[in-house]
Each structure stands twice: as C-alpha cells, then as structure tokens.
Amino acid sequence: MLETVGLLTGSPWIYAVVALSVLLDVFLPVLPSGVLVITAATAAAAGSTAVAGSTAVAGAKAAAESGAVAGAKAAAGQVSGEVPSLLALLLCATTASVLGDLAAYRLAWRGGERLDRAIARSRRLTRAQERLGTALVQGGGMLVVIARFAPAGRSVVSLGAGASRRRVREFLPWSALAGVAWACYSVGLGYFGGQWLGATWVGVAVSVLALFAAGSVAAYVMRRPVPEPS
C-alpha cells in the first residue's frame with residue numbers, strides 16, 4: 001500500500017482521494033481519512049528521502065563533470081521538489097475538512113422538525129448540542145477543535161451546530177481552526193514518523209496509534225459533564 005500511495009503522491013490523484021475522503025467522513029465516520037492522510041504523508045517522507053539521496057549522487061556527478069554550479073542546481077531541485085507535496089496535502093485536508101463541516105452544518109440547519117426529532121432521540125447529539133451552545137456563548141469554541149479529533153466528533157458537532165441554528169460566524173472560525181489543527185497533526189505524524197522510523201508499516205502504525213490516542217483524549221473531554229453557567 002505504501003508503494004502505491006508513494007506512486008500517487010507525485011500525481012494529482014492522491015490529493016483528490018484525500019480531499020474526497022476527508023470531505024465525506026463527516027457523513028461516513030467509518031472512512032479512514034486520518035489513516036489515508038498519514039499514509040500519504042509517510043509516502044511523501046519516503047519520497048523526499050529518496051529524492052535527497054538521488055539528488056546527492058546526481059549533484060556529485062554533476063560537480064565532477066561540470067563543476068560546483070551544476071551540483072548546486074541539483075541540490076536546489078531537491079528543495080523545490082518536496083515541499084509542494086506536503087503543502088498541497090495540508091491544503092487539501094484542511095479545505096475538505098472545512099467544506100465537509102459546512103455541508104453537515106447546512107444540512108442540519110435545513111433539516112427541519114424531522115431532524116430535530118432525530119437529534120432529540122440521540123443522547124450523544126443532544127449532549128453535544130448543549131455543550132456546543134454553552135461553549136460558543138462563552139466564547140470557548142475550542143470544543144469544535146477538540147471534537148475534530150474524536151471519533152465521529154466532527155459529525156456530532158457540525159450537525160449539532162446546524163440543528164441548533166448557530167450563526168455561521170460563531171461556527172466557521174472554529175471549524176477552520178479545527179481543520180488546520182487536525183491536518184497539521186495528521187500530516188506531521190505521517191511525515192516525521194516516516195523520517196524517523198522509515199516508510200514502513202511500523203512507521204505508519206506508530207503514527208496511526210498517536211492519532212487514535214489523540215482521538216481517545218478528545219472523546220474523553222467531550223464526554224465530560226456540561227459545566228453549569230456561573
């Protein structure tokens with residue numbers, strides 16, 4: 001799988017797959033969007049390492065044949081070749097996360113009484129709605145950020161914000177911050193895990209476990225009782 005994703009990393013398809021997975025997992029939390037982002041970032045780390053090695057050899061040959069100028073050009077090619085992949089992966093994951101949140105928010109906003117009854121039957125959605133309302137009123141929308149890491153927490157918070165008719169300006173900034181934080185964390189786990197542990201299943205597994213650990217902590221925070229307003 002790592003080899004396949006590694007081949008896709010240099011093409012637009014990997015970004016399309018990542019964006020689609022992150023966009024849809026607000027409606028289908030079973031989609032492994034986090035695992036996919038980590039795997040892609042690990043493949044990018046492996047690619048940058050391979051490029052660095054091949055560039056060093058090419059630079060040495062170029063320096064021997066044409067002097068130090070050609071070697072410097074080859075080294076410059078390495079730097080410009082690896083950064084856009086990570087930036088594009090971050091951009092795709094963040095943008096898709098925010099768009100998915102907004103789609104769920106608007107869907108819940110327009111859901112009407114039928115959706116309200118469905119939320120009323122769900123203790124989890126009702127509790128999240130109460131916590132979200134308290135957090136946004138008190139200016140503590142960090143709950144939206146924390147929920148982004150919890151399993152299905154993104155879905156619960158986005159639907160709860162729409163169903164409770166929270167204003168977009170209250171929800172969107174925190175959704176954007178949540179998307180940036182989650183994307184940076186996931187990409188960072190995959191990339192640095194690949195750098196330190198190598199582009200192997202061990203590196204991917206350790207990074208995924210770190211992502212799940214963050215999700216467990218976020219889920220615990222979300223399950224805490226709603227604080228009483230002072």
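Note that the structure is predicted; figures quoted are calculated from it, not measured.

About the cut-offs
- Residues numbered from 1 in each chain as written.
- Predicted model: local features only at pLDDT ≥ 70, side-chain atom pairs only at ≥ 80, totals over all residues.
- Heavy atoms only, no water.
- Salt bridge = Lys/Arg side-chain N within 4 Å of Asp/Glu carboxyl O.
- Helix = DSSP H or I, 4+ residues; strand = E, 2+ residues; numbered from the N terminus.
- Buried < 20%, exposed > 50% of the residue type's maximum accessible area, 1.4 Å probe, protein only.

Observations regarding the pattern of salt bridges
Move 1: Under the definition given, this model contains three salt bridges.
Move 2: D25 is the partner of R154 in a salt bridge, and the nearest nitrogen-oxygen pair spans 2.2 Å. Taken together, the residues span a long stretch of sequence, with R154 in helix 8 (residues 153-163) and D25 in the loop between helix 2 (12-24) and helix 3 (33-66) at a distance of 129 residues. A single burial state applies to R154 and to D25, both of which are buried.
Move 3: R154 is the salt-bridge partner of D101, the closest N and O atoms lying 2.6 Å from each other. Of this pair, D101 sits in helix 4 (residues 68-109) while R154 sits in helix 8; the two residues are 53 residues apart in sequence, bridging distant segments of the chain.
Move 4: Taking relative accessible area as the criterion, D101 reaches 3% and is therefore assigned buried.
Move 5: Among the charged side chains, a salt-bridge network with shared partners connects D25, D101 and R154.

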